[in-house]
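# Report on the structure
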Amino acid sequence: MPTVQTNGIETYYEERGEGRPVVFVHAALVDHAMWDEQVAALEDDYRTVVYDVRGHGRTGGSPLAEYSTTLYAADLRALVEALELDRPVLCGLSLGGLIAQTYAATYPDEIAGLVLADTFTPPILTRGEWFLRRVVLNALIPPVRLLGLERVEKANVWLTERFFGGAGGDYEKVEALRAAGPTVTTDEFVKIVRSMTRFHDVTVDLTAISVPTLVVYGEKELPFVTQHAARLAAHLARVDVVEIPGAGHASNLDDPETFTGALRAFLDWIAPVGDGEDVNPETGSRRPSSV
């Protein structure tokens, strides 16, 4: 089982292929396997790296009392250094997107590109966001301690679908991922959820991110996540936004073909990195119309 020492923990990772390194950062409460279809499609042309974030999968938990995206980004930095990845492209979804943007703002000169999928940003919370992120997510903790994660999450998905039809996407795929990998413990669940509810306290200077960025979200995403896609587009210097038709929160699972097509078009354009114009001066390739 491939692991590497990163920031005081043994991080599980897998890498395939050669070329420009692309590091995938998974969503909360699943593991690296959520990126299987993207890795399979890209490994012939890129050096793909997936890993299990602290508290998840084969990396597992740690004795720290609390987690934050700053901690996760430090873990990722240690992984990048240990694997000697030269200016990778980071691709993160949901929690993975929080980690990726924190990393990108902290080490802006150490990445070649950034993909932020189905995620949000840390500025001021709207009233609706405050309710969903600070009240609803925190309210899940007591019942999870009492009834277990699986039961509570199914109930939460059912409720979400009643109010925001389609936001949960193809939940059967998420369940299959959970069944195939190690279970997140209750204590780790608490730390993971709290790291997300406190993201607005983290300083992420989006203006520091100058590399080409692709923002992706599902057509049926939660409204506040869709609003954050627009916020990212307004604050990032070189950004494109892609909506995945019919997809919910895990757009790479709901419509892997469309998601991967947009990702490949983006990667093919920036490898090697151009100057942000329609034609990459280093390759002569034209910026793809799908991005």
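Residues numbered from 1 in each chain as written. Predicted model: local features only at pLDDT ≥ 70, side-chain atom pairs only at ≥ 80, totals over all residues. Heavy atoms only, no water.

### A closer look at the overall build of the chain
Note the following rule: Where helices and strands are cited, they refer to DSSP runs of H or I of at least four residues and of E of at least two residues respectively, numbered from the N terminus. Throughout this description, buried means an accessible area under 20% of the type-specific maximum (1.4 Å probe, protein chains only), exposed means over 50%, and partly exposed covers the range between. Surface exposure here means Shrake-Rupley accessible area, sampled with a 1.4 Å probe, where a residue is shielded only by the protein chains that are shown.
A count of helices and strands for the chain gives 11 helices and 8 strands. For the chain, the residues scored as buried account for 53% of the 291 residues in total. For the chain, the exposed surface amounts to about 12500 Å²; the carbon and sulfur share of it is 52%.

### So, the side chain of Asp 118
Selection criterion: This count recognises Lys and Arg as positive and Asp and Glu as negative, with His and chain-terminal groups excluded. For this analysis, a salt bridge means a side-chain nitrogen from Lys or Arg found within 4 Å of a carboxyl oxygen belonging to Asp or Glu. Pairs of N or O atoms are called polar contacts if they sit within 3.5 Å, as long as, within protein, a hydrogen donor faces a hydrogen acceptor (for residues adjacent in sequence, only side-chain-to-side-chain pairs). The contact definition used throughout considers only heavy atoms, calling two residues in contact when any of these lie within 4.5 Å.
Structurally, Asp 118 is set in the loop between strand E6 (113-117) and helix H4 (127-139). Although Asp 118 is buried, it makes no salt bridge; Lys 173 carries the closest opposite charge, 13 Å away. Here Ser 251 takes part through its side chain, which lies 2.6 Å from a polar atom of the side chain of Asp 118. In contact with Asp 118, not counting residues within four places along its chain, are Leu 93, Ser 94, Val 216, Tyr 217, Gly 218, Glu 221, Val 225, Gly 248, His 249, Ala 250 and Ser 251.

### Considering the side chain of Glu 221
The topology assignment puts Glu 221 in the loop between strand E7 (213-218) and helix H9 (223-235). With a relative accessible area of 5%, Glu 221 lands in the buried category. Among the polar contacts listed, one links the side chain of Glu 221 to the side chain of His 249, at a separation of 2.5 Å. What Glu 221 contacts, discounting residues up to four positions off in sequence, is Asp 118, Ala 167, Thr 226, Ala 247, Gly 248 and His 249.

### Describing the sheet that holds strand E1 (residues 3-6)
Sheet strands pair by backbone hydrogen bonding; their relative direction is either parallel or antiparallel. For clarity, the cut-off: We call two strands paired when DSSP finds no fewer than two bridges between them. All axes here are fitted lines through C-alpha atoms, helices being fitted over the stretch that makes contact, and every angle between N-to-C directions spans 0 to 180 degrees.
Read from one edge of the open sheet, 8 strands run E1-E2-E4-E3-E5-E6-E7-E8, paired in mixed fashion. Only two strands of the sheet have a single partner each, and these edge strands are E1 and strand E8 (239-244). Between one strand axis and the next, the sheet turns through 25 degrees on average, direction left out of account. Where E6 lies against E7, 4 bridges are found, and the strand directions are parallel. Considered in E7, the bridge of Val 115 is made with Leu 214.

### A closer look at helix H3 (residues 95-106)
Which entries qualify depends on this criterion: To estimate the expected span of a helix, count its residues, drop one, and scale the result by 1.5 Å.
Under the 1.5 Å per step criterion, the end-to-end length of H3 is 17 Å for 12 residues, consistent within 8% with the ideal 16 Å. Most of H3 is tucked away: 11 of the 12 residues are buried. When H3 is considered as a whole, its buried residues turn out to be Leu 95, Gly 96, Gly 97, Leu 98, Ile 99, Ala 100, Gln 101, Thr 102, Tyr 103, Ala 104 and Ala 105.

### Regarding the packing of helix H2 (residues 69-82) against H3
Packed helix pairs are characterised by how far apart their axes lie and by the angle those axes make with each other. Note the cut-off: Between 65 and 115 degrees an angle is taken as roughly perpendicular, under 35 as roughly parallel, over 145 as roughly antiparallel, and anywhere else as oblique. The classification used treats Ala, Val, Leu, Ile, Met, Phe, Trp, Tyr, Cys and Pro as nonpolar, Asp, Glu, Lys and Arg as charged, and all other residues, Gly among them, as polar.
Packing of H2 against H3 brings their axes to within 9 Å, and their N-to-C directions diverge by 70 degrees. Relative to H3, the element H2 lies roughly perpendicular. Only Leu 95, Leu 98, Ile 99, Thr 102 and Tyr 103 of H3 make contact with H2, whose side of the interface consists of Thr 69, Thr 70, Tyr 72, Ala 73, Leu 76, Arg 77 and Val 80. The residue inventory of the contact of H2 with H3, partitioned by class, reads 8 nonpolar, 3 polar and 1 charged.

### Here's the deal with the confidence of the model for the chain
Reading fine detail from the predicted coordinates is not recommended where pLDDT is low. Definition in use: One number per residue, pLDDT, summarises how confident the predictor is, and it ranges from 0 to 100.
Residues at a pLDDT of 70 or more form 85% of the chain, whose mean pLDDT is 87. Low pLDDT, under 50, characterises residues 273-286; the predicted model gives this stretch 32 contacts beyond four residues in sequence or across chains.

### Remarks on the environment of Val 239
Positionally, Val 239 belongs in strand E8. Considering only alpha carbons, one finds Val 239 and Leu 114, 125 residues apart in sequence, at a separation of 9.2 Å. Discounting residues that sit within four places of it in the chain, Val 239 has contacts with Thr 213, Val 215, Leu 232 and Ala 233.

### Quick notes on the environment of Thr 260
Tracing the backbone through its elements, the reader meets Thr 260 in helix H11 (residues 256-270). By relative accessible area, which is 10% here, Thr 260 ends up buried. Through-space distance from the C-alpha of Thr 260 to that of Gln 38 is 5.8 Å; in sequence the pair is 222 residues apart. With residues up to four places along the chain from it excluded, the contact list for Thr 260 reads Gln 38 and Ala 41.

### Looking at unusual backbone geometry
For Glu 84, which is not glycine, the phi torsion reads 55 degrees and is therefore positive. Here Glu 84 lies in the loop between H2 and strand E5 (89-93). Positive phi is not limited to glycine here, since Asp 118 has a value of about 50 degrees.

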